[in-house]
Amino acid sequence: MDLKRSAARSAAALIAAGLAGSLLAVPASAENTAPELAWGPCPADVATDPQPVQCAVVQVPVDYSDPDGAQLDLTISRLASQHPERRRGVLLLNPGGPGGSGLSFGADLANRGLPASVLDGYDLIGMDTRGVGHSSPVSCGFTDEQARYGNIPPYAVDDDAAVTERAAEVRTIAEQCAQHDDGRLSSLTTANMARDLDRIRAALGEEQASFYGASYGSALGAAYASLFPERADRVVLDSNIGDTALDRDGMRRFALGAEQAFPDFAAWVAARNDSYGLGGTEEEVRRTYFDLAERLDAHPVAEVDGAQFRLATFVAMYAESSYGRTAQLWQSLRDSDEDAVREQLAAADLSPADNALSVFLAVTCNDVEWPEDVETYRRGVAADRAEFPLFGAATANVLPCAFWAHEPAEPRVPVLDDGSDDVLIVQNRRDPVTPHRGGELLREKFGDRARLVSADEAGHGAYVLGGNACVLDVTTTFLVDGERPDQDVSCPASR
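Definitions and limits used
- Residues numbered from 1 in each chain as written.
- Predicted model: local features only at pLDDT ≥ 70, side-chain atom pairs only at ≥ 80, totals over all residues.
- Heavy atoms only, no water.
- 1 Å grid on protein atoms, 1.4 Å probe; cavity = no way out; pocket = protein on both sides within 12 Å on 5 of 7 lines; lining within 4 Å.
- Points joined across faces, edges and corners; volume = space filled by probe spheres on them.
- Nonpolar A, V, L, I, M, F, W, Y, C, P; charged D, E, K, R; others polar.
- Phe/Tyr/Trp six-rings, centres within 6.5 Å; stacked < 30°, edge-to-face > 60°.
- Buried < 20%, exposed > 50% of the residue type's maximum accessible area, 1.4 Å probe, protein only.
- Lys NZ or Arg CZ within 6 Å of the ring centre and 35° of its normal.
- Helix = DSSP H or I, 4+ residues; strand = E, 2+ residues; numbered from the N terminus.
- Pairing = 2+ DSSP bridges.
- Right-handed = clockwise from strand over helix to strand, strands pointing away.
- Disulfide = S-S within 2.5 Å.
- Salt bridge = Lys/Arg side-chain N within 4 Å of Asp/Glu carboxyl O.

Hey, could you run me through empty space enclosed by the protein in this one?
If you roll a probe as big as a water molecule over the atoms, it shows you where there is empty space left. Computed from the structure, the largest cavity encloses a volume of approximately 70 Å³. Surrounding the largest cavity, Thr 189, Thr 190, Ala 191, Thr 244, Ala 245, Asn 366, Asp 367, Glu 410, Pro 411, Arg 412 and Val 413 form its lining. Split into classes, the residues belonging to the lining of the largest cavity amount to four nonpolar, four polar and three charged.

In structure tokens form, the structure reads like this:
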């Protein structure tokens, strides 16, 4: 589940130096001596029709410092080029998360219009990363209620009391994950997943591998391009969190993204005021949002409270296709129509996922150290509530990482700015969950290795996942011909 999918499920339930030393002790990758992979049908629950996708299993070490020790099975998928004479290599894919299943991602992109030149030029390689789905899955044993908010903390209505209450809840969650850990949970890190990518490359018999990743996939791709610069070919990072790990600053930037994306949603709703009656201007729609949220804080409708309403609205900003049903939900909540609210949520059929949330927490908590004192979060909630009133009191709230059992085994992967100029960063300017600032940060860290392509668009996902013509053309040209812009590109809106 990518960041988008994780939050959507939750709404519907309403949804450097130290590292260098450690890497010297870790085998960087496998040589190209792996036996031929046994390709066959994908698991029955992997939806790939009508694309001819096959699946196989690659083994990787649980611990790369003990390569001959316990192993994990990684299930990967392949949508092979149908024109071998045009094929130039493999394109490794990641849809985000961490915790998102990627076995169908190649088929998803093809079905959404991935250009034929890319389909001809590459075998598209999807995967369930370690711990996910069909790749030696892990579990914290979450109930639906525990997973209610997915990977985003609930909005803290009151700074002190709500944050304190949340801290007690997430301490229990962290302890529960530790109790369910069979010894593999601490191995779920972005660095290890990047090493897994290189094992997959080797198992495919390729000297190099290209990469496309969205949302958290941008962090994984940045880590791969930094750990294995000689093996990473053409790397496209879409909807960027700004680093090789999601830390507290990255989580708090969700609130910045909400503020930047909300005007697009509000303008859409305001233009349809005769139909929805939620406000005839952007400012009126914004007032309706705050009025409804405060009313639901005091008097929930069909068990939907203000925090869940705010989360559902945040998720709606991922794509314009969600605007209409969200405006409909606002109407039902405004009218206190409990039956309609229940029907709308039931129709969404997006239940929380224990496995996806377990992986999200493991990777996020293992990658970096998080503050442990509750007062830090109380201050953050108060500050972000004032600066980002739409959603700041949610994204600054406490995650189980504050009480996680494992300290990070190694520092986050530093972004490598010394290497071939093989990175293209694509980013919408008004992305609710990975705001444009994330793309800017990653561009700064990669230096001249990267170019930033910015689209004057709202929503999460720019290449193929979005509708901007300029982003599509620039990125496709880079993947197919290797031609990267001489400088950063600002793409006008496509309508």
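Here the narrative resumes.
Help me understand the packing of aromatic side chains in this model?
Between two aromatic rings, the relevant description is the distance of the centres plus the angle of the planes. A full pass over the atoms with the stated rule returns 16 aromatic pairs. A centroid spacing of 5.8 Å and a plane angle of 80° characterise the contact between Phe 314 and Tyr 318, whose relative ring orientation is edge-to-face. Taking relative accessible area as the criterion, Phe 314 reaches 1% and is therefore assigned buried. A relative accessible area of 2% places Tyr 318 in the buried class. By way of ring pairs, the aromatic residues Phe 262, Phe 265, Trp 268, Tyr 276, Tyr 289, Phe 290, Phe 309, Tyr 323 and Trp 330 are connected into one cluster. For the cation-ring pair, Arg 78 lies above Trp 39, with the distance from its terminal atom to the ring centre recorded as 4.2 Å. Between the NZ or CZ atom of Arg 272 and the centre of the ring of Trp 268, over which it lies, the distance is 3.9 Å.

Looking at this model, I keep getting lost on the pairing of strand β6 (residues 232-238). Mind explaining?
For a regular strand, side-chain orientation follows a simple rule: the groups alternate between the two sheet faces. A large share of β6 lies buried, amounting to seven of its seven residues. Of the pairings in the sheet, the one linking strand β5 (residues 209-214) to β6 comprises five bridges and is parallel in character. Residue Tyr 212 lies in a different strand from β6, and its bridge partner there is Val 236. The handedness of the β5 to β6 crossover, carried by helix α7 (residues 216-227), is right-handed.

How should I be thinking about the state of the cysteines in this particular structure?
Note: disulfide means a covalent bond formed between the sulfur atoms of two cysteine side chains. Tallied over the full model, the rule gives four disulfides. Here Cys 365 is linked by a disulfide to Cys 401, with a sulfur-sulfur distance of 2.1 Å. What sets the handedness of the Cys 365 and Cys 401 disulfide is the S-S torsion sign, and at about -80° it is left-handed. Of the two residues, Cys 365 is situated in helix α14 (residues 354-367) and Cys 401 in the loop between α16 (392-395) and β7 (423-430); the sequence distance between them amounts to 36 residues.

Could you clarify how one ought to interpret the pattern of salt bridges in this entry?
Two side chains carrying opposite charge are able to pair once their charged atoms lie near each other. Under the criterion given, the structure shown has 31 salt bridges. The partner of Glu 206 in a salt bridge is Arg 87, with the nearest N and O atoms 2.8 Å apart. Remark: Arg 87 occurs in the loop between β2 (71-79) and β3 (89-94) and Glu 206 occurs in the loop between α6 (190-203) and β5; sequence separation between them is 119 residues. By relative accessible area, which is 30% here, Arg 87 ends up partly exposed.

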